[in-house]
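The primary structure of each chain is shown beneath.
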Amino acid sequence: MWKNLGEAVEKTVGTHHACIRTVFASALPVTPPPGDDIWQVPPPATASTLDVCGRERRLVTRTKERYAAVQQLVAEGSSLEGICRTLRLDRSTVRRFARATSIDELLVKATNRASILDPYTAHLHQRWNDGCRDSEQLHAEIRALGFPGSIQTTRRYLRPFKSVTAGPPTPRVAPRPRRIVRWIMTNPGNLADEDALALKEIRAGCPELDAVTGHVRDFATMMRDLTGSELPAWMERVEHDDLPALHSLVNGLRRDQEAVIAGLSSPWSSGQVEGQNTRVKRIKRDGYGRANFDLLRTRILHRS
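Reading the values: the criteria
Residues numbered from 1 in each chain as written. Predicted model: local features only at pLDDT ≥ 70, side-chain atom pairs only at ≥ 80, totals over all residues. Heavy atoms only, no water. Helix = DSSP H or I, 4+ residues; strand = E, 2+ residues; numbered from the N terminus. Buried < 20%, exposed > 50% of the residue type's maximum accessible area, 1.4 Å probe, protein only. Contact = heavy atoms within 4.5 Å. Areas by Shrake-Rupley, 256 points an atom, 1.4 Å probe, with all protein chains shown as cover. Core = buried A, V, L, I, M, F, W, Y, C linked by side-chain atoms within 4.5 Å. Salt bridge = Lys/Arg side-chain N within 4 Å of Asp/Glu carboxyl O. Arc of directions from axis to C-beta. Axes fitted to C-alpha atoms, helices over the stretch in contact; angles between N-to-C directions. Parallel < 35°, antiparallel > 145°, perpendicular 65-115°, else oblique. Left-handed = near helix turned anticlockwise from the far one by under 90°. Nonpolar A, V, L, I, M, F, W, Y, C, P; charged D, E, K, R; others polar. Patch = residues over 30% accessible without salt bridge, like charges linked within 9 Å, V, L, I, M, F, W, Y side chains within 5 Å. Lys, Arg positive; Asp, Glu negative; His and termini not counted. Charge placed at Lys NZ, Arg CZ, Asp CG, Glu CD. Phe/Tyr/Trp six-rings, centres within 6.5 Å; stacked < 30°, edge-to-face > 60°.

J.: Looking at this model, I keep getting lost on the overall build of the protein chain. Mind explaining?
T.: Regarding its fold elements, the protein chain presents 17 helices and zero strands. Here the protein chain holds 304 residues, and 33% of them are scored as buried. Across the protein chain, contacts joining residues at least 24 apart in sequence account for 61% of those joining residues at least 6 apart. Carbon and sulfur atoms form 52% of the exposed surface of the protein chain, whose accessible area is close to 18,800 Å².

What follows is the structure in structure tokens.
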């Protein structure tokens, strides 16, 4: 149940990641260099969807175009196979775009891909604004700091800077969705002060994630204190909030509500039994693996 709750929380965080970007972007005052209109400061909610020049990133544009095309074909009644043929996309890609409830859910992945250069961009910005314009020297400096990439990566990142007198200020990077999920699912007493403060900012800037955090902590209390009788009231509170992913979870709990209440009320667990079942299955897999019929036939004949 805790795993299922975590998956619902992850979907909710993905849906509302634009709020998170707004919170972290608005926390940093940004002033463009005078006389250089190329550094248009992007709106906080879309800051991570733009490149260093303020243009929409190609990956974001492509994601939006694919989402619009897939959703239109779905609305017209096309099957997934038909959409694959029409758009020449892989089935898993089409399924992901068709099942997405909003474009923000897809843009979370498109705008939160890690780069090996991320830990060193602050140094590059600072040195560029200090007057250092030599890409080779800047690359050597971040190499000394541990950057493992090539000089082409550094040059590609610095190329837009050459059009202006000053580099853009280093933005305050929004946490990745799974990190936020971990904060929400962790006992507040076990969170580091920095993480607790960041989660507090997020909750203040996004009512939906504030509600999710409260529901998760209430559910954790039920599990800890074995107060399964409180489950119906908990489900009603969840249904009063605009949280579709948690509503799906509640619908699943209602289908087997008595068993769930018993599981949240009893000190006994079937974990040992399930563990033994998993152990036996592992032994069988290790013994036979994915053997083909020829090998199995050889073993049977050998034994006979």
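J.: Help me understand the nonpolar core in this model?
T.: Taken as a class, soluble globular proteins show a tendency for nonpolar side chains to be buried jointly. Residues Leu5, Val9, Val13, Ile20, Ile184, Leu231 and Trp234 are the most contacted members of the largest nonpolar core, which totals 36 residues. Elements that contribute at least two residues to this core include exactly helix H1 (2–15), helix H2 (17–26), helix H10 (177–185), helix H11 (193–205), helix H12 (207–225), helix H13 (231–239), helix H14 (244–255) and helix H15 (257–265). Setting aside residues up to four positions removed in sequence, isoleucine 184 forms contacts with Val9, Val13, Leu199, Val212, Thr213 and Val216. By size, the runner-up hydrophobic cluster in this structure holds 11 residues, among which are Cys132, Leu138, Phe147 and Phe161.

J.: How should the pattern of salt bridges be read in this particular structure?
T.: For side chains of opposite charge, pairing can occur when their charged atoms come near one another. Summed over the entire model, instances satisfying the criterion amount to 10 salt bridges. Lysine 3 is the partner of glutamate 7 in a salt bridge, and the nearest nitrogen-oxygen pair spans 2.6 Å. Of this pair, glutamate 7 and lysine 3 both sit in helix H1, four residues apart, which is roughly one turn of the helix. In this structure, the salt-bridge partner of aspartate 225 is arginine 224, at a minimum N-O distance of 2.9 Å.

J.: So what exactly am I meant to see when it comes to helix H9 (residues 151–158) here?
T.: Working note: α-helix, 3.6 residues per turn, so residues spaced by three or four point in the same direction. All of the buried residues along H9 are Ile151, Thr153, Thr154, Tyr157 and Leu158. Looking straight down H9, one finds that the buried residues subtend no more than 160 degrees of arc, so they occupy a single side.

J.: Got a minute to help me understand the packing of H13 against H14 in this structure?
T.: In a packed pair of helices, the relevant descriptors are the angle between the two axes and the axis-to-axis distance. The contact between H13 and H14 brings their axes to 9 Å, and the two run at 150 degrees. By the angle between their axes, H13 is roughly antiparallel relative to H14. Helix-helix and strand crossings are classified by hand; for H13 and H14 the assignment is left-handed. For the pair formed by H13 and H14, the contact residues are Leu231, Trp234, Met235, Glu236, Val238 and Glu239 on the first element and Leu246, His247, Leu249, Val250, Asn251, Leu253 and Arg254 on the second. Taken together, the residues that form the contact of H13 with H14 break down as eight nonpolar, two polar and three charged.

J.: Would you explain the environment of threonine 61 in this entry?
T.: Mapped onto the elements, threonine 61 comes out in helix H3 (residues 58–75). Put simply, threonine 61 and leucine 107 are 46 residues apart on the chain and 9.8 Å apart in space, counted from C-alpha to C-alpha.

J.: What is the right way to look at the side chain of serine 135 in this model?
T.: In this structure, serine 135 sits in helix H8 (residues 135–144). Residues in contact with serine 135, not counting those within four places in the same chain, are Thr154, Arg155, Leu158 and Lys162.

J.: Would you mind showing me how to read a positive patch on the surface here?
T.: Residues Arg133, Arg156, Arg159 and Lys162 make up a contiguous surface patch of positive charge. Along the chain, arginine 159 falls in the loop between H9 and H10. A relative accessible area of 52% places arginine 159 in the exposed class.

J.: Please explain the packing of helix H7 (residues 121–129) against H9 as it appears in this structure.
T.: One can describe the packing of H7 onto H9 by two numbers: an axis separation of 12 Å at closest approach and a directional angle of 60 degrees. Here H9 runs oblique to H7, going by the angle between their axes. For the crossing formed where H7 meets H9, the hand is right-handed. Along its contact with H7, which presents Thr121, Leu124, His125 and Trp128, the element H9 presents Thr154, Tyr157 and Leu158. In the contact of H7 with H9, the residues fall into four nonpolar, three polar and no charged.

J.: I keep staring at the packing of aromatic side chains and nothing clicks. Help me out?
T.: Aromatic ring pairs: the centre-centre distance and the angle between the two ring planes describe each pair. By the definition in use, this model includes two aromatic pairs. Note on tyrosine 120 and phenylalanine 147: the rings are 5.5 Å apart at their centroids and 70 degrees apart in plane angle, and the pair reads as edge-to-face. Within this pair, whereas tyrosine 120 is found in the loop between helix H6 (103–111) and H7, its partner phenylalanine 147 is found in the loop between H8 and H9, the two being separated by 27 residues in sequence. With a centroid separation of 5.0 Å and 55 degrees between ring planes, the pair formed by phenylalanine 219 and tryptophan 234 is classed as tilted. Here phenylalanine 219 is found in helix H12, whereas its partner tryptophan 234 is found in helix H13, with 15 residues between them in sequence. Phenylalanine 219 gets classed as buried once you look at its relative accessible area, which sits at 2%. Take tryptophan 234: its relative accessible area is 0%, and that puts it in the buried class.

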